[in-house]
Amino acid sequence: MNFLRGVMGGQSAGPQHTEAETIQKLCDRVASSTLLDDRRNAVRALKSLSKKYRLEVGIQAMEHLIHVLQTDRSDSEIIGYALDTLYNIISNDEEEEVDDVEEENSTRQSEDLGSQFTEIFIKQQENVTLLLSLLEEFDFHVRWPGVKLLTSLLKQLGPQVQQIILVSPMGVSRLMDLLADSREVIRNDGVLLLQALTRSNGAIQKIVAFENAFERLLDIITEEGNSDGGIVVEDCLILLQNLLKNNNSNQNFFKEGSYIQSMKPWFEVGDENSGWSAQKVTNLHLMLQLIRVLVSPTNPPGATSSCQKAMFQCGLLQQLCTILMATGVPADILTETINTVSEVIRGYQVNQDYFASVNAPSNPPRPAIVVLLMSMVNERQPFVLRCAVLYCFQCFLYKNQKGQGEIVSTLLPSTIDATGNSVSAGQLLCGGLFSTDSLSNWCAAVALAHALQENATQKEQLLRVQLATSIGNPPVSLLQQCTNILSQGSKIQTRVGLLMLLCTWLSNCPIAVTHFLHNSANVPFLTGQIAENLGEEEQLVQGLCALLLGITIYFNDNSLESYMKEKLKQLIEKRIGKENFIEKLGFISKHELYSRASQKPQPNFPSPEYMIFDHEFTKLVKELEGVITKAIYKSSEEDKKEEEVKKTLEQHDSIVTHYKNMIREQDLQLEELKQQISTLKCQNEQLQTAVTQQASQIQQHKDQYNLLKVQLGKDNPHQGSYNDGAQMNGIQPEEIGRLQEEIEELKSNQELLQSQLAEKDSLIENLRSTQTSPGTNEQSSVTASARDSEQIAELKQELVTLKSQLNSQSLEITKLQTEKQELLQKTEAFVKSVPVPGESEAGMATETTDVEGRLSALLQETKELKNEIKALSEERTAIKEQLNSSNSTIAILQNERNKLQVDITDSKKEQDDLLVLLADQDQKILALTNKLKELGHPVEEEDELESGDQDDEDEENEDDGKDQDDI
């Protein structure tokens, strides 16, 4: 403190040099003082002077402050003072009030100072690396000034600082930790830092995205209250836009991470009376822009369609349509919502179909498209809102032939509501087309042109539209009414819109060209407009008239003799001149508003006067300008040749389509046959499994039957006592009944198997018949059965040829072996008789090796042929086994049936024997009871009842025996 008093007291000595001397003394004290307290106090004094005397402090103290950051890292307080001082030197934030006259000059000077000091600071890259390392400190007095300083550096010289951070190890990762800081001030300033860091740098954007930035930012937005949040939500949304805009990799990562689903709660705006603060409007505006970034027409088509699909599946599109039809929504939010819905549905059929089904909450309900078109043709609505509705209608019809047909059908006589209770989209477009407002004329003409874009069917359908101009006069066609308005000399915007509609209507539609030429006044009107020398404002209309006349030549089918191609070209050469015609045609693409409209599909104009060209029409001009120029200079012979070439190409296309259809039908037939074969295979497998199951069941029943026989044999010792007979009568009927049930089950299973085998035999016979039946037409020649028979015939033929080759090669082998033996004998005899030089021995050796090589090659070929024959024979045996499998199963089942019949007869015989024994025993018991009665011996009633019961059971057994005999 004594040091500061001395410094401040010395300021009055010399007012001219007091500040500079004071700053110099402070810098010397920072550099030379050994006590930390003195250095800390000096740096704090420099901080207090840095805002007012920014230049002096920056020049003299920057080097010392950087040295403090390097050497005094242990003291967080001095580090914080140094960072604050550097921030005041580099930052351009002016807190002091400046006069209006000096404001511009002071701002420019401060920006120059900030960029110069930033350049000095980052000249040594180690300074930025040092600053990044200081951000790892958790101390608030170090981290927060460091964040602000780095943000200021990025604002001053962003690309240079971005490159230093990019090459710094873990530089971006350190900055990402700021989003997880529990102190909101540091977290919020960290968002601002990342905004400056990610601006216009795709590499850093990717790193930040893969450091889990999306999830952290979405969590912050949710914590802050979504659209009802404060400026922190706005900052997070701007950072998300930086990460996603023009970055296909991050957009794909955002979609695959299911972050689109997290955006749906943003648009749950709640009750209309909840209020729309300025911050809420700003937040919603940025949220809608973020959706548009994901589905922008400039993105790759595949990425856009996948995002559109995700937005429909998660209900985001439905939420946007709810806002679209809600009441009390601010105008700018409504306009941006319409633009967002437009791009979400553009070119994606599912979303377009859903949008067509949306109804406004009115009584009676009206389609959303109709409500929007009512706003478009209403001149009282804001201009930007009308442009947005036009863009929405264009996106709804983009690559949507179904929607185009629905719009055109509302104009046809058969679908117009005769009661007049409801207004249709077509009626609104016609009303706007012929209203007194030129902007409504232009918008309706462009909207109707989009209903005809690349759709020849609807161009022909629109020719049927008839309009009632006035009471008592006959109706005129829509095409004729458009040309009538053109000839009346209306406003330029109206004529440009009608000419764009007519050019779109007549292009690629010879029938529409013929209807246009039927009116004898149209061609003279066009030639008169082109031939006149008018001012610059009318040059665009002349160019469009030239384009329309060129379309009538290029797409003319010569059905009208008075307006054939050649006659129209002669008329141009006579009244206008070819060079003059081409020059007027070039006025379109040379217009200053043409290039602006060709850049983006959205009709974004600053004022209605700039609303001249449509984006899709610029594509049509680019496509037709060259071909019309060539068509004008072509001779009649070249036209004839071109027509002949077109005819041949059409014939070729028809032939190709015919064969494609044939191939498609044959593919369908092959697929059906393959399915039949697969089903038959499955049935065969099921039958085989059923046979195995039945066989196992039969074996189980046999084992049970044998076990019962053994048990019956043990329980029946053939004794004649009354107790034994009663026990047999108590057991045997139950066992016999169970055996009868088992026999019945076996019989039913046998009948089922026989029916399944019969079906299988019939299927096999059908397959055989389809294989052996000859083809009767072109389609049967490509069926699977004929192909199988051909393959079998080819296999047989190959087998015969292979056998013949084998025989011939075996003969050749034997012949070569005999030659080899003869040569060996000759060589041995020659060696024994005469000494041969080395050269002859070598020649003989080479000859023998050649022979051996040929023999080995032939042996290898014979081996391969044998293998092939073996494989063919195996295939043949496999086929035979498959054919004989059904016969074997039938034989097995027949044997099982015979065995069962034998078992049944045995059981019948045993039952009859038992019945005879029982009858004898009953007779004996009855005779004994009678004798006892005669002798006067008392007989109990229970015995009589038992004997009566015994008689009844005997009668039942006799009946059962008869039933079994009948079976």
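Within each chain, residues carry numbers counting from 1 in the order of the written sequence. Only residues with pLDDT of 70 or above have their local features reported here, since the model is predicted, and side-chain atom pairs are shown and tallied only from 80 upward, although totals for entire chains, interfaces and linings are computed over all residues. Processing note: side-chain calculations cover all non-hydrogen atoms of the structure and skip hydrogens and water entirely.

A. Structural context of the overall build of the chain. Numbering of helices and strands runs from the N terminus, with a helix taken as a DSSP run of H or I at least four residues long and a strand as a DSSP run of E at least two residues long. Broken down by element type, the chain carries 41 helices and four strands. Burial classification: accessible surface area is computed with a 1.4 Å probe over protein chains only, and a residue below 20% of its type maximum counts as buried, one above 50% as exposed, and the rest as partly exposed. In the chain, buried positions account for 42% of the 967 residues. Residues count as neighbours in contact if any of their non-hydrogen atoms are within 4.5 Å of one another. Contacts spanning at least 24 positions in sequence make up 72% of the contacts within the chain whose residues lie at least 6 apart. Looking at the chain as shown, the accessible area adds up to about 52,900 Å², and 51% of this sits on carbon and sulfur atoms. The method behind every accessible area is Shrake-Rupley, applied with a 1.4 Å probe, and residues are considered shielded solely by the protein chains displayed.

B. Broad picture of the packing of aromatic side chains. Pairing of aromatic side chains requires ring centres within 6.5 Å, counting the rings of Phe and Tyr and the six-membered ring of Trp. Pairs whose planes differ by under 30 degrees are stacked, by over 60 edge-to-face, and all others tilted. All told, the structure shown has 11 aromatic pairs when counted by the stated rule. Among the aromatic residues, those joined into a ring-pair cluster are Phe210, Phe214, Phe253, Phe254 and Tyr259. Two conditions define a charge located above a ring, namely a distance within 6 Å from the ring centre to NZ of Lys or CZ of Arg, and an angle within 35 degrees of the ring normal. Positioned above the aromatic ring of Tyr87, the side-chain terminus of Lys148 is 5.1 Å from the ring centre. The cationic tip of Lys148 hangs over the ring face of Trp144; the distance from NZ or CZ to the ring centre is 4.1 Å.

C. Representation of the packing of helix α13 (residues 213–223) against helix α14 (residues 231–244) within the structure. Here an axis means a line fitted to C-alpha atoms, over the contact stretch when the element is a helix, while the angle between two N-to-C directions is reported on a 0 to 180 degree scale. Viewed as axis vectors pointing N to C, α13 and α14 meet at an angle of 155 degrees, and their least axial separation amounts to 9 Å. Taken together, the axes of α13 and α14 are roughly antiparallel relative to one another. Along this stretch, α13 crosses α14, giving a crossing that reads as left-handed. Only Val232, Val233, Cys236, Leu237, Leu239, Leu240, Leu243 and Leu244 of α14 make contact with α13, whose side of the interface consists of Ala213, Phe214, Leu217, Leu218, Ile220 and Ile221. Within the contact of α13 with α14, the residues separate by chemical class into 14 nonpolar, no polar and no charged. Small angles under 35 degrees read as roughly parallel and large ones over 145 as roughly antiparallel, with 65 to 115 read as roughly perpendicular and the rest as oblique. Left-handed is the label given to a crossing in which the near helix is rotated counterclockwise from the far helix by less than a right angle, and right-handed is the label when the rotation is clockwise. Note on residue categories: nonpolar means Ala, Val, Leu, Ile, Met, Phe, Trp, Tyr, Cys or Pro, charged means Asp, Glu, Lys or Arg, and polar means any other residue, Gly included.

D. Main features of a nonpolar patch on the surface. Residues Ile655, Tyr659 and Ile663 make up a contiguous nonpolar surface patch of roughly 310 Å² in combined accessible area. By secondary structure assignment, the location of Ile655 is in helix α37 (residues 636–715). Each patch is built from residues lacking any salt bridge and having more than 30% relative accessible area; the joining distance is 9 Å for like charges and 5 Å for nonpolar side chains (Val, Leu, Ile, Met, Phe, Trp, Tyr). Here, a salt bridge means any side-chain nitrogen of Lys or Arg that lies within 4 Å of a carboxyl oxygen of Asp or Glu.

E. Representation of the side chain of Asn556 within the structure. By the secondary structure assignment, Asn556 is in the loop between α31 (536–554) and α32 (565–575). The definition of a polar contact used here is a pair of N or O atoms within 3.5 Å, where within protein one atom must be able to donate a hydrogen and the other to accept one, and adjacent residues in sequence count solely through side-chain atom pairs. In terms of polar contacts, Asn556 uses its side chain to reach the backbone amide nitrogen of Asn558, at 2.8 Å. At 2.6 Å, the side chain of Asn556 forms a polar contact with the backbone oxygen of Tyr563. If sequence neighbours within four positions are ignored, Asn556 has contacts with Val513, Leu517, Ile551, Tyr563, Met564, Lys565 and Leu568.

F. Molecular detail of the packing of helix α8 (residues 140–156) against helix α9 (residues 158–167). Close contact between α8 and α9 brings their axes to 5 Å; oriented N to C, the two are set at 125 degrees. For the element pair α8 / α9, the angle class is oblique. Mapping the contact onto sequence places Leu150, Leu153, Leu154 and Gln156 in α8 and Gly158, Val161, Gln162 and Ile165 in α9. Considering only residue class, the contact of α8 with α9 consists of five nonpolar, three polar and no charged.

G. Examining helix α11 (residues 184–198) more closely. The first and last C-alpha atoms of α11 sit 21 Å apart over 15 residues, in line with the 21 Å expected at 1.5 Å per residue. Of all the 15 residues making up α11, 12 are buried; the element is thus mostly covered by neighbouring parts of the structure. Of the residues making up α11, those classed as buried are Ile186, Arg187, Asn188, Asp189, Gly190, Val191, Leu193, Leu194, Gln195, Ala196, Leu197 and Thr198. The length a helix should cover is 1.5 Å for every residue beyond the first.

H. Region of the structure containing the confidence of the model for the chain. Per-residue confidence from the prediction method is given by pLDDT, with values spanning 0 to 100. Chain-level pLDDT for the chain is 81 on average; 76% of the residues reach the 70-or-more range. In the model, residues 1–16 has pLDDT below 50 throughout and makes 14 contacts with residues more than four positions away in sequence or in other chains.

I. Local environment of the pattern of salt bridges. Summed over the entire model, instances satisfying the criterion amount to 19 salt bridges. Across the salt bridge formed by Arg495 and Glu538, the nearest N and O atoms sit 3.0 Å from each other. Here Glu538 lies in helix α31 and Arg495 lies in helix α28 (residues 492–506), a separation of 43 residues in the sequence. Salt bridges sharing partners connect three or more residues here, namely Asp37, Arg40, Asp75 and Glu77.

J. Up close: the environment of Ala203. With respect to the helices and strands, Ala203 occurs in helix α12 (residues 202–210). Under the relative-accessibility criterion, Ala203 is labelled partly exposed at 38%. Residues Ala203 and Leu166, spaced 37 residues apart in sequence, show a C-alpha to C-alpha distance of 8.3 Å.

K. A look at unusual backbone geometry. The residue after Asn363, namely Pro364, is reached through a cis peptide bond having omega 0 degrees. Mapped onto the elements, Pro364 comes out in the loop between β1 (359–360) and β2 (366–367). Despite not being glycine, Lys399 has its phi angle at roughly 55 degrees, a positive value. Within the element layout of this structure, Lys399 appears in the loop between α22 (383–397) and α23 (401–409). Judged by relative accessible area, which is 62%, Lys399 ranks as exposed. Phi is positive for Glu454, close to 55 degrees, though the residue is something other than glycine. Among the structural elements, Glu454 can be located in the loop between α25 (438–451) and α26 (456–462).

L. Just α28, in detail. Compared with an ideal rise of 1.5 Å per residue, which puts 15 residues at 21 Å, α28 spans 21 Å between its outermost C-alpha atoms and is within 8% of the ideal. Within α28, 14 of the 15 residues are buried, leaving the element largely enclosed by the surrounding structure. Looking one or two places after α28, you find Asn508, whose phi comes out positive at around 60 degrees.

M. Expanded view of the environment of Pro475. As for its position among the elements, Pro475 is in the loop between β3 (466–467) and β4 (476–477). Taking the C-alpha atoms as reference, Pro475 lies 9.6 Å from Val465; in sequence the two are 10 residues apart. Residues contacting Pro475, with those up to four places away along its chain left out, are Gln466, Leu467 and Ala468.

N. How the structure looks around the environment of Gly432. Within the fold, Gly432 resides in helix α24 (residues 425–433). Taking relative accessible area as the criterion, Gly432 reaches 2% and is therefore assigned buried. In the structure, Gly432 is positioned 11 residues away from Cys443 in sequence and 7.7 Å away in space, judged by C-alpha atoms. Non-local contacts of Gly432, meaning those with residues more than four positions away in its chain, are made with Val377, Ser440, Asn441 and Ala444.

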